[in-house]
Amino acid sequence: MINSGLFFAGLAAVSLPVIIHLLNRRRFKRVDWAAMDFLLEAQRLNRRRVKLEEFILLLLRCLAMVLIGLLLARPYFSSNPGANLFASGQTEHIIVLDDSLSMGAAADGKSAMEEASAMLTDFVEKLVASGSNDLLTVVRTTAPDRFSANGLPLTDDTTGQILDEFGALQPSDRAGDLGAALLHVEAGLKDDKASVNRIVYVLSDLRARDWEGSAAAGSDAGVVDTLKRIAATAAGCHVLELGAEGDANLVVESVASRDKAVIAGVPAEFEVTVRNAGGASANDVRVRFGAGETLPMEATIDSIAPGETGVAAFTYTFSSEPGEEAEAGGGTAAPEPVPVHVSLEPSPDAGADLLAADDERFYPARVVRGLRALVVDGDPSGLLGQGETYYLRHVLAPNGDALSGVEVTVVDDTEFDNVELDEFEVVLLANLYRVTARRVELLENWVEDGGGLVVLLGDQIDEDVYNDLLFKEGNGLLPSRLVAVEGDETEETWALLEPATNNHPLFRIFVGDLRQLLDGVKIFRWWRSEAAGSNAAAAADAEGRGDAENGDASDGDEAPGGGAAGDSSVRVLATLTDPGAAPAVVEKAYGEGKVMMWTTPMDADWGTFPENGGAFLITTQEMVRYMARDRSGEGSVAVGQPVKQYVDLREFRSEVSVIAPGEADGQPVAARLPEGATQESTVWEVDFDETEKRGIYEIKLQPSAGGEPRTEMFAANIDTGESALRRVSLSVLRGDLGDSGVGIVARGGRIGELGANAAKTEIWKLILYVLGGLLAVELLFGWWIGARR
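This one's a predicted model, so the numbers in the text were calculated from it and none came from an experiment.

(A) Helix α5 (residues 156–167), seen in detail. Taking 1.5 Å per residue, 12 residues should reach 16 Å; α5 reaches 17 Å between its end C-alpha atoms and fits that length. Within α5, burial applies to Thr158, Thr159, Ile162 and Phe166. Buried residues of α5 fall within an arc of 105° about the axis and therefore sit on the same side. Opposite the packed face of α5, turned more than 90 degrees from it, sit the exposed residues Asp156, Asp157, Asp164 and Gly167.

(B) Seen up close, the pairing of strand β16 (residues 406–412). Burial analysis of β16 places five of its seven residues in the buried class, the great majority of the element. Here strand β15 (residues 371–377) runs beside β16; their pairing, made up of seven bridges, is parallel. Considered in β16, the bridge of Asp377 is made with Asp412.

(C) Structural context of the side chain of Thr608. For Thr608, the position within the fold is in the loop between β24 (593–598) and α15 (613–627). A polar atom in the side chain of Thr608 sits 2.9 Å from the backbone nitrogen of Lys522. For Thr608, the residues in contact, after removing those within four places along its chain, are Gly520, Val521, Lys522 and Phe524.

(D) Representation of the pattern of salt bridges. Tallied over the full model, the rule gives 41 salt bridges. For the salt bridge of Arg528 with Asp578, the shortest nitrogen-to-oxygen distance reads 3.7 Å. Taken together, the residues Arg528 in strand β21 (residues 525–530) and Asp578 in the loop between β22 (570–576) and β23 (583–590) connect sequence positions 50 residues apart. The class for Arg528 is buried, based on a relative accessible area of 9%. One salt bridge connects Glu634 with Arg631, and the closest N-O pair in it is separated by 3.0 Å.

(E) Layout of the environment of Ser404. Among the secondary structure elements, Ser404 is positioned in the loop between α9 (390–396) and β16. Judged by relative accessible area, which is 16%, Ser404 ranks as buried. Separated by 217 residues in the primary sequence, Ser404 and Gln621 place their C-alpha atoms 8.2 Å from one another. Setting aside residues up to four positions removed in sequence, Ser404 forms contacts with Leu396, Ala397, Pro398, Gln621 and Arg625.

(F) Seen up close, the nonpolar core. Judged by nonpolar contacts, the single largest core of 43 residues is most densely connected at Val585, Met596, Trp598 and Met623. The element contributing the most residues to this core is α15, with six residues. When residues no more than four places from it in sequence are discounted, the contact partners of Val585 are Leu506, Phe507, Arg571, Val572, Leu573, Ala574, Met596, Met597 and Trp598. By size, the runner-up hydrophobic cluster in this structure holds 33 residues, among which are Phe416, Val419, Trp527 and Val595.

(G) Molecular detail of unusual backbone geometry. You will see that Asn431, though not glycine, has its phi angle at about 55°, which is positive. Locating Asn431 in the fold gives a position in the loop between β17 (426–430) and α11 (437–448). Of the residues examined, Asn431 reaches a relative accessible area of 1% and is grouped as buried. A positive phi angle, near 55°, is found at Lys472, a position not held by glycine. Looking at the element boundaries, Lys472 is found in the loop between α12 (463–471) and β19 (481–487). Given the relative accessible area of 32%, Lys472 is considered partly exposed.

(H) Main features of the packing of helix α8 (residues 223–233) against helix α16 (residues 730–737). Between α8 and α16, the least distance of the axes is 10 Å, while the angle of their chain directions is 55°. Considered as vectors, α8 and α16 are oriented oblique to each other. Between α8 and α16 lies a crossing of right-handed hand. Residue-level contacts link Val224, Leu227 and Lys228 of α8 to Leu733, Asp736 and Leu737 of α16. Among the residues making up the contact of α8 with α16, the classes are represented as four nonpolar, no polar and two charged.

(I) Focus on the sheet that holds strand β27 (residues 655–659). Overall, mixed pairing links the five strands, which are arranged β25-β31-β30-β27-β28 in an open sheet. With one partner strand each, in any of the chains shown, β25 (636–638) and β28 (667–670) form the two edges of the open sheet. Each strand axis lies, on average, 30° off the axis of its neighbour in the sheet, ignoring direction.

(J) Region of interest: the side chain of Thr691. Here Thr691 is to be found in the loop between β29 (683–688) and β30 (695–701). Among the polar contacts listed, one links the side chain of Thr691 to the backbone oxygen of Gln641, at a separation of 2.7 Å. With residues up to four places along the chain from it excluded, the contact list for Thr691 reads Ala638, Val639, Gly640, Gln641, Val643 and Tyr697.

(K) Summary view of the pairing of strand β10 (residues 282–291). For β10 and strand β11 (residues 297–304), the ladder comprises seven bridges, and the chain directions are antiparallel. Among the inter-strand pairings, Phe289 is bridged to a residue of β11, identified as Met297. Across five bridges, β10 lies against strand β13 (residues 336–344) in antiparallel orientation. Counterpart to Ala291 in the pairing with β13 is Val340.

What counts as what
Residues numbered from 1 in each chain as written. Predicted model: local features only at pLDDT ≥ 70, side-chain atom pairs only at ≥ 80, totals over all residues. Heavy atoms only, no water. Helix = DSSP H or I, 4+ residues; strand = E, 2+ residues; numbered from the N terminus. Expected span 1.5 Å × (residues − 1). Buried < 20%, exposed > 50% of the residue type's maximum accessible area, 1.4 Å probe, protein only. Arc of directions from axis to C-beta. Pairing = 2+ DSSP bridges. Polar contact = N/O pair within 3.5 Å; in protein donor to acceptor, adjacent residues only side chain to side chain. Contact = heavy atoms within 4.5 Å. Salt bridge = Lys/Arg side-chain N within 4 Å of Asp/Glu carboxyl O. Core = buried A, V, L, I, M, F, W, Y, C linked by side-chain atoms within 4.5 Å. Axes fitted to C-alpha atoms, helices over the stretch in contact; angles between N-to-C directions. Parallel < 35°, antiparallel > 145°, perpendicular 65-115°, else oblique. Left-handed = near helix turned anticlockwise from the far one by under 90°. Nonpolar A, V, L, I, M, F, W, Y, C, P; charged D, E, K, R; others polar.

In structure tokens:
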């Protein structure tokens, strides 16, 4: 009904004839006189007929009041089977707008979003011109749980705001979720019991990714099924196609560093991956790579087949110095970030790349002084050339101008328990006597989170502590159980290193003529080790030697000496040439990180490894790079994902400033105590979730003591799934929807042509005719019974 309240007023007016009848009965005073006896007798004989006539007349007058109320309410019949005769005639237009990145694709010079802007502007203008009192709701697929206009009436005050918003529509950098948006609309239709006539319009570029996928995580219904249910509830449901056909598109899919950290002064290698998301080959794809304010470098990918990727390689040396708090000769270096921008040069063929927004990608290069390595010296010495880590620290970070790319911090066993592990990429335990249970727990968490732990065994080792706390019957960090020290104390006999595979980073350089560098390494003593549940029996050793000869040890199935038997996370990288083929280097995967155990130390006590300069230098450098935590991807998030930054209140203030892409001024954001942390914690967390635009975000941390702020950098990039522009077929979509009542409007149609009242037919004229006839019958019937009396 247009005005359902007037109908209920008419129902209330039905009581008026009854009340008048009752009042009239009480207007006469009863007086007895002689002639009344004859009249009473006549009334008694006609009483049933008179009461029936009066009841019919009262009923006609009550029905007239009902029809008058119904006429004023203007009811209608809806073509929707779920509609209600008593529903309101006010119409709410629910616009489900696909505002995802793909709506910016322009196949014929005009993007789908530009078409949506013009269509919605025209629709609102026509509604306002018609004097409509309708409502408007807009649901965007990039933010399905937030309605930008929620039941907003089209008044003089709101129309200008709505038209301005529709006129300035731009594709979002966020990924869209059409299914989730429709589920929110469906929930609103079920929960809202108001008598409003609702029509749903879905404006979409009909990408296959949206229409062929699941509606939402945890839902077994797709977009089509959700639309069918909406059509059964709403007064109308329409899908409007936007944009022209075409799927030609190139997208910068990733920018990745080939190294685990970007080191100042050391050439950094980057790989830029470009995907051809279209259906035709792309030739001569030109890629630009720019770091900071420097001029960009260029590279060309000759050809990329449809659906395939091409890679452009760039090498760039960052000259940025780390923060001044990292002093020369020691300490950890604060990252000095440099923004990297990668883009594709526009193709001469305008139809070869329809979506320009995915032609760029950002990378936050967090430049550091070097890979941060913590070396724990278990046998320190003040004598030159002595000490467990003398050779190790000098070969990892030699003195002089040459940059090794490794920054070494050396501590002894008494200092180790107080070191913050998160400040380092790799930790080396060099002949450490024992470790505490608390430190082992912290090491386990650190390695599981991606850290790299190197255990160098020696004569200081307490094997019982290592087996109990580090090995834990195969469940701990240590790859294998320590059994006993073997070898020749007189150093008259020795064993050589025998790599199990030449493909591992530690040994891949020692092939051909360079193998002689490794063959010159003599190992006099070592620790015998075995895997959990294995024996040191000769049969097991023989089986291990046979596997090593067949080259199977690198697979980790059966390791020499029992080093990796039955544990797929453990593999032997090198053995010794002793009769038992004892494992020399064993690796174990542990969570996101790795543990590497050397059964001999890296000093001159048990072998000549440090004295063989070439082999020792190459192996240790490659070992640190291989074991280090990969930080190259840190700081990269998808658009819409929150940025998290930890703030140490001992160094910085709790309030930071966040500078968004294209903005000059920062936005203040307060750090909060992380969930689950104790009140005594001095490390708080900044959680910034307003990453709606692609680009570089800078977080400025203000030192508590004053001075220049420290900058942390993050890069927000688009979801490359938005780059797939393939569409669903309209004919297939019509077939899937069947006779559900969902209308499909091909490109070029307009919302206004569907009509706000297309779903209902008013019947006020019919009611007017019935009311006129009823009043005529009441008048004639009253005259007739009056004449008879």
